[in-house]
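Here are the chains, one letter per residue:
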Amino acid sequence: MSKAHVYKRDHINTDEIIPARYLNTDNEKELAAHCMEDLDNDFVKKVQPDDCIVAGDDFGCGSSREHAVWALRGAGVKTVIAKTFARIFYRNAINNGFYLIESDDALGKIKDGDELDIDFKSGLIKNTTSGIDITFNPLPDFALDIINDGGLLEHITKKG
Amino acid sequence: MGMTITEKILAKAAGKDTVKAGDLVDANIDVVMCHDVTTPPAITMLAEKGIEKVFDPEKIVVTPDHFQPAKDIKSAELHKRLDTWAKKHKIKYYYKIGKAGVCHALLPEQGHIRPGEVIVGGDSHTCTYGAFAAFSTGIGSTDTAAAIATGQLWFKVPASMKFVLNGSLGHGVYSKDVILAVIARIGTDGALYRAMEFVGPALSEMSMEARMTITNMAIEAGAKSGIIGFDDITKQYLDEHLKDKKDYTVFKSDSDAEYITTEEFDCSKLEPMVALPHLPSGGVPVGECAGMEMDQSYIGSCTNGRIEDLRIAAKILEGKQVAIRTLIVAATPEIWKRSKDEGLFDIFYDAGCVISAPTCGACLGGFMGILASGEKCISTTNRNFVGRMGDPKSEVYLASPATAAASAITGKITDPRNYL
């Protein structure tokens, strides 16, 4: 079960997810301590393991810093549900075996604090707080192959 | 159906005769750009996986830039990891401090960018190199690790959007104003996953430096890449800069290539632009925000830290005094030396500016010019997100070097045409 942290915002960028003043480290725990700091200073206090973020369009725009994915993962975030994702962030997430969900409906059907039961393979979000089901298109096969292998480097190592 | 220049480059890199938008391809990489923030994690990932090889030590270009010279102990450790790895693998083009510079200014200047090639880098502004009729795109650390080890990456061939730049730029209007106007029209995700192909007569009046400012900011519209076709101006720059490998392949878009959209701009009607906080798409003509008080002016970065940019700023600042903190950051050591030799430093010094070593520095809120709470900065950089150059309550206004220089004199956002 995932608790939703809803941000009714478009263009949540990597500077907000992990400000560059913390990029002097790539330690996931240190990054996680500052996750979403410039957007929501209380985020790291609220977030629990397996929680998810729900947002609008263009999530993860800006810098190519993979530190954004590591900060979210390190803070316990299991997935991000957004209308659309910026492409480098999207790629970085897949390369780290981190699921993303693209959904036009989620932002309108999920409230902050709702409990979600997510099936990534069939493409179903059960909002157990409201009782509303939301379907989504699962990630494409090539992306699922990378995620199932545990990330890009594991995937190419396996391929030889 | 014909192919776009982007499709042709990716087809060649994938060993195919044709590709179309949406195809997934495994492309051979010609150049991997590595810097001090995103490559140290890539090196660690490779070591953890027991992958000790690099695909070609002559196709990897390394320069510390974001936090160089090291701003603190942690960034010094990043530099140490990069240095140890670059030496161990005998990376041929490793620009150590003294030769290191802001990557996207350094690589073209040092002759590492060739038309028709595929260039990737662990930095979102890697799209800059598309000004040379190349495919170039920003990647994260895991992709950087994969590219370093294998020399290949998967790509989805992007659909292309055509941007026709008509007319001639007016006095005091520059390529930075063009790209700010483009992004203001289409939005920060207006070109998401797409290739932005720039064409039109206004480009023939722009130097390679000016063109790089345009492709540099393709990412600010969400694009995978920005690209400009090859012409005599490209050739002349390459003739002057390419060193070791001087051959390259010139591709151009077919007349029946497919574009998902075409946007026309009349550059002769453009005004100097300022992108208001907190998105690069917040561009308005300078007249709409003139008079707004600033605390700092920043002239530098991979967008506008090249010699032409500093010449424009110097022309405006000559014989004047700045009213606010003004930072001049030459993007590379060569630009630094040329500025000094041309007497630009004297102009900046006399005007009361601070002249810095080449670094990405404050552009990304790293160091060397950080903003306090409530402060406002007019900046020639590329992003004005919340907290980008310092405190989350500071504000960044993006503009051309001319507008940033004119605003430095008055301490307020100022139309540069008043000083030209």
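Quick summary incoming for the structure in this document. (Residues numbered from 1 in each chain as written. Chains lettered and ligands numbered in written order. Predicted model: local features only at pLDDT ≥ 70, side-chain atom pairs only at ≥ 80, totals over all residues. Heavy atoms only, no water.)

For the coordinates displayed, the defined rule picks out 35 salt bridges over all chains. Close ionic contact of A:D15 with A:R65 constitutes a salt bridge, the shortest N to O distance being 3.3 Å. With a gap of 50 residues between them, A:D15 in helix 1 (residues 14-17) and A:R65 in the loop between strand 2 (52-55) and helix 4 (67-74) connect regions that are remote in the sequence. The residue B:K92 makes a salt bridge to B:D244 at a minimum N-O spacing of 3.5 Å. One end of the pair, B:K92, is in the loop between helix 3 (73-88) and strand 4 (93-94); the other, B:D244, is in the loop between helix 8 (232-241) and strand 11 (261-266), and 152 residues separate them in sequence. (Salt bridge = Lys/Arg side-chain N within 4 Å of Asp/Glu carboxyl O. Helix = DSSP H or I, 4+ residues; strand = E, 2+ residues; numbered from the N terminus.)

Moving on, we come to the nonpolar core. A:F59, A:L72, A:I81, B:F155 and B:F348 are the most contacted members of the largest nonpolar core, which totals 139 residues. Per-element tally for this core: the top contributor is helix 10 (residues 307-317) of chain B, with seven residues. Structurally, this core is a two-domain feature, drawing no fewer than three residues from each of domain 1 (5-265) and domain 2 (273-414) of chain B. Not counting chain neighbours up to four residues away, the residues in contact with A:L72 comprise A:I17, A:C35, A:M36, A:I53, A:F59, A:V77, A:V80, A:F89 and A:F98. (Core = buried A, V, L, I, M, F, W, Y, C linked by side-chain atoms within 4.5 Å. Buried < 20%, exposed > 50% of the residue type's maximum accessible area, 1.4 Å probe, protein only. Domains from an automatic or database assignment. Contact = heavy atoms within 4.5 Å.)

Before going further, it helps to spend a moment on helix 4 of chain A. All names here are of chain A. Taking burial as the measure, the eight residues of helix 4 include six buried ones, the bulk of the element. Of the residues making up helix 4, those classed as buried are H67, A68, V69, W70, A71 and L72. Note on helix 4: the residue one or two positions beyond its end, G76, has a positive phi of about 105°.

What follows deals with the environment of B:L344. Residue position: B:L344 is located in helix 12 (residues 344-351). With sequence-adjacent residues up to four places away left out, B:L344 is seen in contact with B:I307, B:L310, B:R311, B:A314 and B:S339.

Across a sheet, paired strands are connected by hydrogen bonds in the backbone, their directions being either parallel or antiparallel. Residues and elements named next belong to chain A. Spatially, 4-3-2-1-5-6-7 is the arrangement adopted by the seven strands of the open sheet, whose pairing is mixed. Looking at which strands have only one partner, the edges of the open sheet turn out to be strand 4 (100-102) and strand 7 (132-135). Between one strand axis and the next, the sheet turns through 30° on average, direction left out of account. As defined by bridge partners, strand 1 (residues 2-6) adjoins strand 5 (residues 115-119) across two bridges and the pair is classed as antiparallel. Note that in strand 5 the partner of S2 across the bridge is L116. (Pairing = 2+ DSSP bridges. Axes fitted to C-alpha atoms, helices over the stretch in contact; angles between N-to-C directions.)

Nothing here speaks to function; it is geometry throughout.
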